[in-house]
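# Fold and contact review
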Amino acid sequence: MTHAEELIDEAWSLHVEVDDTLPLWSGELDQIERWFTSSSEATSDVRARCDEVRARLEAAIEDAPARTCASLLTAAAMMRADAWGAAAPSAELTWPHADEGFLGLMHWATNSLSLTTAEHGDRYHEKMRRLPGAVDELCARLEEAAEGDRAPIRRHVERAIASLDELLGAPVADDPFLAQPAPTEVGEASTRRFSDGVAALVESHTRPALARLRETLADSSLPAARDDDRPGLLHRPDGEAEYAEALAAHTRPGLDAGAIHAIGLEQLARLDGEWARYGQQQFGVSDPSEVRRCTASLPGRTSADEVKRDAEAIFTASEAEAPKWFNRVPESTCEIRTTVHGSLAFYSPPKPELGHPARTYFNVQDPTAWGPQLAATTVHEGIPGHHYQAALALED
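Bear in mind the structure is a predicted one, so any value in this text is a computation, not a measurement. (Residues numbered from 1 in each chain as written. Predicted model: local features only at pLDDT ≥ 70, side-chain atom pairs only at ≥ 80, totals over all residues. Heavy atoms only, no water.)

Time to look at the overall build of the chain. Helix and strand content of the chain: 15 helices and 3 strands. Over its C-alpha trace the chain gives a radius of gyration of 23 Å, about what one expects of a compact globule, namely 21 Å for 396 residues. Along the first, second and third principal axes, the C-alpha set of the chain runs to 60 × 55 × 50 Å. By residue count, 42% of the 396 residues in the chain fall in the buried class. Contacts in the chain between residues far apart in sequence, at least 24 positions, make up 74% of those at least 6 positions apart. (Helix = DSSP H or I, 4+ residues; strand = E, 2+ residues; numbered from the N terminus. Rg over C-alpha atoms; globule rule 2.2 N^0.38 Å. Buried < 20%, exposed > 50% of the residue type's maximum accessible area, 1.4 Å probe, protein only. Contact = heavy atoms within 4.5 Å.)

A few words on helix H6 (residues 102–109). In terms of burial, H6 is a largely internal element, 8 of the 8 residues being buried. Residues of H6 that are buried: Phe102, Leu103, Gly104, Leu105, Met106, His107, Trp108 and Ala109.

This next bit is on the packing of aromatic side chains. The geometry of an aromatic ring pair is captured by the separation of the ring centres together with the interplanar angle, meaning the angle of the planes. Under the defined criterion, the tally for this structure stands at 9 aromatic pairs. Here Phe36 and Phe102 contribute two aromatic rings whose centre-to-centre distance is 5.4 Å and whose plane-to-plane angle is 80 degrees, an arrangement assigned as edge-to-face. With Phe36 in the loop between helix H2 (21–26) and helix H3 (40–61) and Phe102 in helix H6, the pair connects residues that are 66 residues apart, well separated along the chain. With a relative accessible area of 4%, Phe36 lands in the buried category. Above the plane of the ring of Trp35 lies Lys127, whose end atom (NZ or CZ) is 4.3 Å from the centre. (Phe/Tyr/Trp six-rings, centres within 6.5 Å; stacked < 30°, edge-to-face > 60°. Lys NZ or Arg CZ within 6 Å of the ring centre and 35° of its normal.)

Another point: the pattern of salt bridges. Throughout the structure, instances matching the rule amount to 27 salt bridges. With a closest N to O distance of 3.3 Å, Glu58 and Arg54 form a salt bridge. Highlighted residues: Glu58 and Arg54, both in helix H3, separated by 4 residues, approximately one helical turn. Judged by its relative accessible area of 33%, Glu58 is partly exposed. Residues Arg214 and Asp165 are paired through a salt bridge, measuring 2.7 Å at the closest nitrogen-oxygen approach. One end of the pair, Arg214, is in helix H9 (residues 188–224); the other, Asp165, is in helix H8 (residues 154–169), and 49 residues separate them in sequence. (Salt bridge = Lys/Arg side-chain N within 4 Å of Asp/Glu carboxyl O.)

Pairing is mixed across the open sheet formed by 3 strands, whose spatial order is E1-E3-E2. Edge positions in the open sheet fall to strand E1 (334–339) and strand E2 (345–348), since each of these has one partner strand only. Mean inter-strand twist for the sheet, computed between neighbouring axes without regard to direction, equals 25 degrees. In terms of strand pairing, E1 meets strand E3 (residues 358–363) through 6 bridges, oriented parallel. (Pairing = 2+ DSSP bridges. Axes fitted to C-alpha atoms, helices over the stretch in contact; angles between N-to-C directions.)

This is how it looks when you write it as structure tokens:
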């Protein structure tokens, strides 16, 4: 292995190590106990490590052969994005979001693991014991943000408080942790021990921790929260600098906000032609603004079953079309699942070692939200989309 290849492998290993949310969303069994880290000290350490590896990657480009330079540049860009992510204000702005923040992630990460062995069950208990530490770190960040005029939007805080009130007010038997299936390869006594342990830890560890989070949101975040007319980074004390740093971490050098905005406007202008052709076919009108209005007024789905049925039909059509576009298609299959937690839609890679297919999840808490965008979301998140991206990489 060459020096450049060793550096690229080191960067990838660090990327996997510092990505707190991926193991939670994907249910990695080798990281069952893991939660996210949001303390200021830990995120500063991550940023320093990523910057140091990026510097070595960039230094190696000068002496690397041309075929290796692209891989080094890609790895360096990944480290730049990871360094930005460690210092980004996500803990302060997005973690309080009831659906896509901490609570949505917690709901998902606590009952979707494919546990099989008694050891997995013990490690799930350990995950529950570690939740208070993760929550306390988040509370500290939220308190810091409130003191520094960096609090999240009010409605996000209010929704998070309402969600916590609902969770904490429900019987322990309805707690999301108790929805986690017991390990599949254990006997009846071990299954009972697992379930009893979960119930005990809900009362001794997880609910007290979530009550502290609710208190922090109500006492610190809510009084300092911003109204809807002051969203985003612009209204933070260092918002413009934070936004410029985010652009530098995720775009090519030399692009500022104005240049990126111009690219977007050019793309929208090109799309107007497509809107006009689509509108003429579907509605008999060709003015792009009117076509968008007509499209937005189309009714959404009426039930979770309807969302699932239509998404599966799109999958079937995509699978039939894909060989015309791709030289290879994955061996792993991908199935549609519905949920009422997390983002509007997201993808979970296959787990060949467990015999599990990939899964594309659709949030059906409000099925009417799924209008004409269902097709585009399905092919983006599932087939071909992220499924071909991830499954082919795993199968190589």
